[in-house]
Amino acid sequence: MIKKAPLVLLFSWLIVIGSTVLMFTSGTAPNWQYFLISIYTLLSGSFIFFKSPKNASSRFFSYLSSVIALIFLFIYSGVGPLNFFALVLLCTCPNLLYLFLFKFTQSNDYRLFRNSNLILAVVATYAFSTFTMRFYPDFHLAFLLLVTVVVCIWTIYRQRTRFYNGRDLKILTITLFFSFIPFIMNRLIFLVSPFVLIDSRNALLLIMLFPTYVVVFFVQNQLTPLSRLSIIYLLLFLISIPLFMFLQFLNIQFFKGILITTFFVFMCSISLAINYLAIIFNRSKVKKSIQSQTNEKIEILNQINYSNFFNSLSDLVLNVIQKETHSETVLVLMADNGSPFIFCQSGQNILKTAKQLIKSKHSARQLVTINGELYYFIPMFQPPEQIFVCFRTTETLDLNKLEAFITQYSNILKFAKLMHLTDQKYIRPTVKNSKILQMKLFSSIQQEKNKHINYLHDTVLQPIIALRTLTSNLQGDKVVLELIDSEITKLIDSIRLEIFDTSPSTLYHLSFEENIQILMNHLNQRYPETDFQLSLPVYQSNPIPDLFVAPVYRIIKELNENIGKHAQATIGRTTIVIDSTYVTITVQDNGVGMDDAILLEQNLIQAKGHIGLLSIKNEVSWLNGSFKIGKNTIKKNGTAFSIVIPVNTQRGAEFRENIADR
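Quick caveat: nothing in here was measured; it's all calculated off a predicted structure.

A. Focus on the sheet that holds strand S7 (residues 571-578). Read across the open sheet, the five strands follow the order S6-S7-S8-S10-S9; overall the sheet is mixed. Since the sheet does not close on itself, it has two edges, and those belong to strand S6 (531-535) and strand S9 (626-631), each with one partner. In this sheet, adjacent strand axes meet at a mean angle of 15 degrees when their direction is disregarded. Where S6 meets S7, five bridges bridge the pair, whose relative direction is parallel.

Okay, structure coming up:
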């Protein structure tokens with residue numbers, strides 16, 4: 001049964017194409033409205049069937065579309081046999097329409113099916129006999145169509161529970177109504193008032209609404225599989241049909257209507273093409289962003305796994321060395337393309353002495369004296385790392401055996417590192433990679449600080465200011481009102497100070513130089529006994545990166561605040577040098593100073609009452625920079641703070657100082 005549908009469609013297309021060729025070769029001017037209805041209906045039926053060939057309703061819709069196409073092609077052809085054949089098809093059309101709707105609603109009410117089919121068959125037979133006898137053909141055509149519409153709508157109503165949703169039911173009913181009722185009313189008006197001339201061809205164009213909705217229904221309910229782009233262009237084509245019909249109702253010439261509609265479709269296609277290219281471009285950017293985020297996750301997980309293995313192996317090496325040497329004080333350093341770092345250690349802190357031995361380029365095993373005790377210092381070169389072992393021994397031991405143990409574990413470490421780098425080809429060396437991850441984490445912390453400031457300003461500070469405005473208008477005890485106003489003012493000042501300390505409002509609206517100069521002016525007003533000076537030989541070709549603006553500002557502010565609060569200085573000089581590699585900050589004062597710089601650092605950084613310098617050191621540490629405290633080399637008294645922050649992350653390892661070294 002299904003195989004009959006493509007044969008019917010093929011036969012209909014051959015007739016339509018043959019008739020078109022015949023009309024153009026004979027010079028006969030076709031009726032373009034009816035020709036358009038014929039082509040469009042046949043095209044709709046073919047599309048639905050070939051997209052859903054196994055659907056019973058699509059098969060009957062192909063039959064119906066073929067019959068409608070041939071009716072409009074033949075009934076106005078002016079050829080007698082073709083006119084008669086068109087009348088036969090016209091009288092079979094109501095039953096075909098009902099069969100399609102019956103399958104479309106998936107009804108199993110065969111009693112309703114038989115009764116409705118019988119009514120339509122009787123009315124169609126009666127109409128055909130009146131057509132052949134030319135007995136009021138216009139009236140009986142309207143009567144036939146009216147009965148067909150009523151029976152079909154009644155069937156839809158009876159089977160409403162089988163529809164996908166109420167909207168589909170309403171649209172189908174409205175579509176059937178407007179596809180035929182205007183033409184029926186046009187025929188009836190013509191019968192009542194023959195002198196009222198109404199062009200019925202425009203009313204017949206509304207018949208195209210019914211196949212249009214069928215196509216939309218199949219696509220919308222995914223009964224015809226289509227890609228997103230195909231659906232867009234199909235909808236564009238369907239939108240152009242109502243536009244063309246509207247132009248015809250405005251009595252615009254047929255060819256002008258075709259031209260306007262074609263231009264509309266062309267412009268919409270251009271717009272869709274541009275939009276599609278933009279979507280592809282954005283999708284590519286999103287894909288790259290997702291891939292980058294995925295790579296970062298892999299990078300972090302890989303680094304965590306490698307770090308866990310690294311820590312486990314360092315514990316194992318430490319246990320072996322302690323067991324072989326019977327020493328509680330053990331230090332193993334490794335140099336990984338940069339400054340040496342601690343691999344494992346226990347006992348007394350001998351890190352500074354070990355680093356001095358490394359800097360003096362001792363390349364052979366030897367006995368050294370540290371704190372009045374003898375220690376073995378053993379350098380080992382295991383490409384690409386250098387390993388330095390330092391331990392205190394209490395008895396004779398086999399150093400060759402110990403070196404063999406260390407070599408064995410270093411080979412395991414190299415193999416793990418090789419797997420680590422192979423698994424992640426884009427990963428950087430371990431020490432450099434950890435610093436890059438640290439910078440990423442610092443960037444996230446900075447973003448959270450900005451969110452915190454925005455929250456304080458927008459969500460906390462503004463309502464409090466509004467509350468103070470409201471309370472100022474209250475009537476009551478003057479003392480109480482003044483107390484309320486005083487407390488709210490303190491709260492507002494406190495919040496504003498917090499915002500200013502973290503990120504002043506001008507920070508990203510003015511240049512870095514202007515912000516620092518404003519800060520110096522503010523400090524001079526706040527601490528009039530100290531002259532805060534600024535030296536800023538900044539190269540304009542190397543502006544400070546945005547990521548460093550806020551932390552560098554906070555560092556400079558906190559250091560100068562300490563001068564104003566504790567140094568008892570008359571001059572505080574800040575020098576900032578920025579180039580393509582480093583941000584160098586030097587803050588000096590001529591205050592009381594301290595002979596022991598290390599003691600000063602311990603007092604100001606570790607004391608509970610002075611957490612400012614600790615926060616500075618943390619900021620510098622996050623930025624992979626170095627932070628040193630010493631004497632003022634120019635004035636010979638006072639204190640000097642020297643901070644170097646690498647702008648280029650790859651150079652950061654050269655300036656990162658181990659806190660345990662101080």
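B. Quick look at the nonpolar core. If you look at the biggest cluster of nonpolar residues, it comprises 78 residues, and the most contacted ones within it are Phe-100, Leu-176, Met-208 and Phe-210. Counting residues per element, this core draws most heavily on helix H4 (residues 80-104), at 13 residues. Aside from chain neighbours lying at most four places away, what touches Met-208 is Leu-36, Ile-37, Tyr-40, Ile-241 and Met-245. Membership of the second largest hydrophobic core comes to 31 residues, among which are Val-552, Tyr-553, Ile-555 and Ile-643.

C. Fine view of the packing of helix H3 (residues 56-74) against helix H9 (residues 209-220). Running from N to C, H3 and H9 cross one another at 160 degrees; their axes reach a closest spacing of 12 Å. If you check the angle between H3 and H9, you find them roughly antiparallel. The hand of the H3/H9 crossing is left-handed. Where H3 abuts H9, its residues Ser-57, Ser-58, Phe-61 and Leu-64 lie against Phe-210, Pro-211, Val-214 and Phe-218. Of the residues in the contact of H3 with H9, the class split is six nonpolar, two polar and no charged.

D. Main features of helix H12 (residues 351-359). Among all positions of H12, only Leu-351, Ala-354, Lys-355, Leu-357 and Ile-358 are buried. With its buried residues spanning 155 degrees around the axis, H12 presents them on a single face.

E. Main features of the packing of aromatic side chains. The final tally for this structure, using the stated rule, is 23 aromatic pairs. Relative to Tyr-136, the ring of Phe-135 has its centre 5.1 Å away and its plane inclined at 70 degrees; by these criteria the two rings are edge-to-face. With a centroid separation of 6.1 Å and an interplanar angle of 50 degrees, the aromatic rings of Tyr-213 and Phe-217 are classed as tilted. Of this pair, Tyr-213 and Phe-217 are both found in helix H9, four residues apart, which corresponds to roughly one turn of the helix. One aromatic cluster in this structure is built from Phe-61, Phe-100, Phe-104, Phe-210, Tyr-213, Phe-217 and Phe-218.

F. Representation of helix H17 (residues 546-567). Its 22 residues place the ends of H17 31 Å apart at the C-alpha level, agreeing with the 32 Å of an ideal helix rising 1.5 Å per residue. Of all 22 residues in H17, 17 are buried; the element is thus mostly enclosed. Gln-568 sits one or two positions beyond H17 and adopts a positive phi of about 55 degrees.

G. View of the side chain of Asn-117. Along the chain, Asn-117 turns up in helix H5 (residues 110-132). Using a relative accessible area of 16% as the deciding quantity, one classes Asn-117 as buried. Side-chain polar atoms of Asn-117 contact the side chain of Asn-95, separated by 3.0 Å. Here Asn-117 is in contact with Asn-95, Tyr-98 and Leu-99, once residues within four sequence places are set aside.

Parameters at a glance
Residues numbered from 1 in each chain as written. Predicted model: local features only at pLDDT ≥ 70, side-chain atom pairs only at ≥ 80, totals over all residues. Heavy atoms only, no water. Pairing = 2+ DSSP bridges. Helix = DSSP H or I, 4+ residues; strand = E, 2+ residues; numbered from the N terminus. Axes fitted to C-alpha atoms, helices over the stretch in contact; angles between N-to-C directions. Core = buried A, V, L, I, M, F, W, Y, C linked by side-chain atoms within 4.5 Å. Buried < 20%, exposed > 50% of the residue type's maximum accessible area, 1.4 Å probe, protein only. Contact = heavy atoms within 4.5 Å. Parallel < 35°, antiparallel > 145°, perpendicular 65-115°, else oblique. Left-handed = near helix turned anticlockwise from the far one by under 90°. Nonpolar A, V, L, I, M, F, W, Y, C, P; charged D, E, K, R; others polar. Arc of directions from axis to C-beta. Phe/Tyr/Trp six-rings, centres within 6.5 Å; stacked < 30°, edge-to-face > 60°. Expected span 1.5 Å × (residues − 1). Polar contact = N/O pair within 3.5 Å; in protein donor to acceptor, adjacent residues only side chain to side chain.

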